[in-house]
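Observations on chain architecture
Here are the chains, one letter per residue:
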Amino acid sequence: MTSPSTAVVTPTAPANPRSRVILASLIGTTIEFYDFYVYATAAVLVFPILFFPTGNDTTALLASFGVFGAAMIARPLGAVVFGHFGDRFGRKATLVASLLTMGIATFLIGCLPTFNEIGWWAALLLLVLRLAQGFALGGEWSGAALVATENAPKGKRAWYGTFPQLGAPLGFIIANSIFLAINFALPHPDGAAQRSAEFLAWGWRVPFLFSAVMVIIGLWVRLRLVESETFVKAEQKGAIRKFPLGTVIRKHWWHLILGTFVMLATYVLFYLMTNFTLSYGTKATLDGAKAAAEASGTAFDAASYVPGLGFGYTDFVLMQIIGVVFFGIFTLLSGPIADAIGRRRLLLWVTALIVVFGLTFNLFLLPQADPKFTGAMVQAFLVFGFMLMGATFGPMGAILPELFPTNVRYSGSAISYNVSSILGAALAPIVAVALWAAAGGSPVLVGIYLSAMSVLTFIALIFTPETKDVDYDADLGVGATGSL
């Protein structure tokens, strides 16, 4: 018999190597957000022209954003369905299914006929596929966040939780870089900053079709995962529920509400910094629109026109990409800070700064006498906004899953995250366009809207417990029996 002093203990290798955990959580959300951004960009540049030719620019843009927002309605349904299977049968298969759903829907959007070919059926098909995208994204984020945090080393859960969050800026950069490359490569009779006829005819389809390549890579990575030890322990202790949705609503309804409003400011800020700024930044100024109408010999109603800043598409997207680089940097920086001082404390400070930032829209976003000064102010606005976006989005990968025990963690975090998408992401683009028009082209009301939503998040954070020290192994959920 071997004595205790001479026994050789062979350490158990982690079920999922850290490199695989990071890559699987990062690449999946990168692909999912890439698909989402491709649609968001097309919703501004292409779909109002090709799918919603209403004859009025603002109405067409609102219709396009309406379909964009419809996906947010589907996201809570996806959260319930994927959350159910993720909590019942494991994270791996659910993540694979969500990725496939998003990839197929995005690819098919790239194949759709336009309004000129099949009339309003084109818009209906676009809506159906957009709903499928939202349904898929409803299950993607929580699964990726759980893969990261349930496999994280002790004391580094927020740091690991930033990797699925990093998929948002990476997906944005990849999607818009492809749009820029295609637009630049095609003929530009009106200058390199303008959309060409070829871009509207077929170039916009390429980013949608390209998603198939990215999905194949994502599937290869995710199929190599195994279930986290935390989920396996929950299974062995009998903590898995037959109906996780019922359990999370009965037992954790307060945390569902808190999680929903904790995410609200993040969603509103994100969609204002991406969709609204692209619309506002690339729409012609009043003088520019009037000159274009005179050159084309068409009537121009200055009283009903809602002006923008008049940047070319290429120029403005490059400015956005510079801002999104700071989004990625501050997403990563937020993780170690949240691990050190706590998720709640960090988010309270960042949310307070977002309230102040919302009151500065007129300072940064009004056209100046010198176009170069206008460009500098807008670039500064994008950098500041995306810095705040990274600082608030990064800790969400940890705080939302930590609000719920293992046996309902997928459902709870997914429902909070995606119900918030209705209150924030679905309404933000539409509300922003309406406020922009109501203010006669000024962004001041849009900024006040952001501040108001951030105040609601700040209040929710006051009531939210600090989750930094939650023990995943001990917090398996009601119904756990036995010991390991």
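Please refer to the structure higher up on the page.
I will try to describe carefully the structure that is included in this document. Please read these numbers as outputs of a predicted model, since none were measured by experiment.

Right, let's talk about the pattern of salt bridges for a bit. Applying the stated criterion across every chain, the model contains 5 salt bridges. For arginine 343, the salt bridge goes to aspartate 339, with nearest N and O atoms at 3.1 Å. Residue classification places aspartate 339 among the buried residues on the basis of a relative accessible area of 15%. A salt bridge links aspartate 469 to lysine 468; the shortest N-O distance between them is 3.5 Å. On the accessibility criterion, aspartate 469 (67% relative accessible area) is exposed. Of the residues examined, lysine 468 reaches a relative accessible area of 28% and is grouped as partly exposed.

Take helix H11 (residues 244-262) next. Over its 19 residues, H11 runs only 22 Å from end to end, short of the ideal 27 Å by more than 12%, given 1.5 Å per residue. Next to the buried residues of H11 lie helix H3 (57-89), helix H12 (264-282), helix H18 (396-402), helix H19 (409-426) and helix H21 (444-463).

With that settled, the discussion passes to a nonpolar patch on the surface. A contiguous nonpolar patch, built from Trp253, Trp254, Ile257, Val455, Leu456, Phe458, Ile459, Ile462 and Phe463 and spanning about 820 Å² of accessible area, is present on the exposed surface. Among the secondary structure elements, those contributing two or more residues to the nonpolar patch are H11 and H21. For the nonpolar patch, the element with the highest residue contribution is H21, accounting for 6 residues. Relative to the helices and strands, phenylalanine 458 resides in helix H21. Of the residues examined, phenylalanine 458 reaches a relative accessible area of 31% and is grouped as partly exposed.

Moving on, we come to the packing of helix H7 (residues 157-185) against helix H9 (residues 205-222). Two numbers describe how H7 lies on H9: the axes approach to 10 Å, and their chain directions differ by 130°. On the basis of their axis angle, the class for H7 and H9 is oblique. Crossing angle aside, the handedness with which H7 passes H9 is right-handed. Residues Ile174, Ile178, Phe179 and Ile182 of H7 touch H9, and the partners they reach there are Val206, Pro207, Phe210 and Met214. Here the contact of H7 with H9 is built from residues that sort into 8 nonpolar, no polar and no charged.

What counts and how
Residues numbered from 1 in each chain as written. Predicted model: local features only at pLDDT ≥ 70, side-chain atom pairs only at ≥ 80, totals over all residues. Heavy atoms only, no water. Salt bridge = Lys/Arg side-chain N within 4 Å of Asp/Glu carboxyl O. Buried < 20%, exposed > 50% of the residue type's maximum accessible area, 1.4 Å probe, protein only. Helix = DSSP H or I, 4+ residues; strand = E, 2+ residues; numbered from the N terminus. Expected span 1.5 Å × (residues − 1). Contact = heavy atoms within 4.5 Å. Patch = residues over 30% accessible without salt bridge, like charges linked within 9 Å, V, L, I, M, F, W, Y side chains within 5 Å. Areas by Shrake-Rupley, 256 points an atom, 1.4 Å probe, with all protein chains shown as cover. Axes fitted to C-alpha atoms, helices over the stretch in contact; angles between N-to-C directions. Parallel < 35°, antiparallel > 145°, perpendicular 65-115°, else oblique. Left-handed = near helix turned anticlockwise from the far one by under 90°. Nonpolar A, V, L, I, M, F, W, Y, C, P; charged D, E, K, R; others polar.

None of this, on its own, says anything about what the molecule does.
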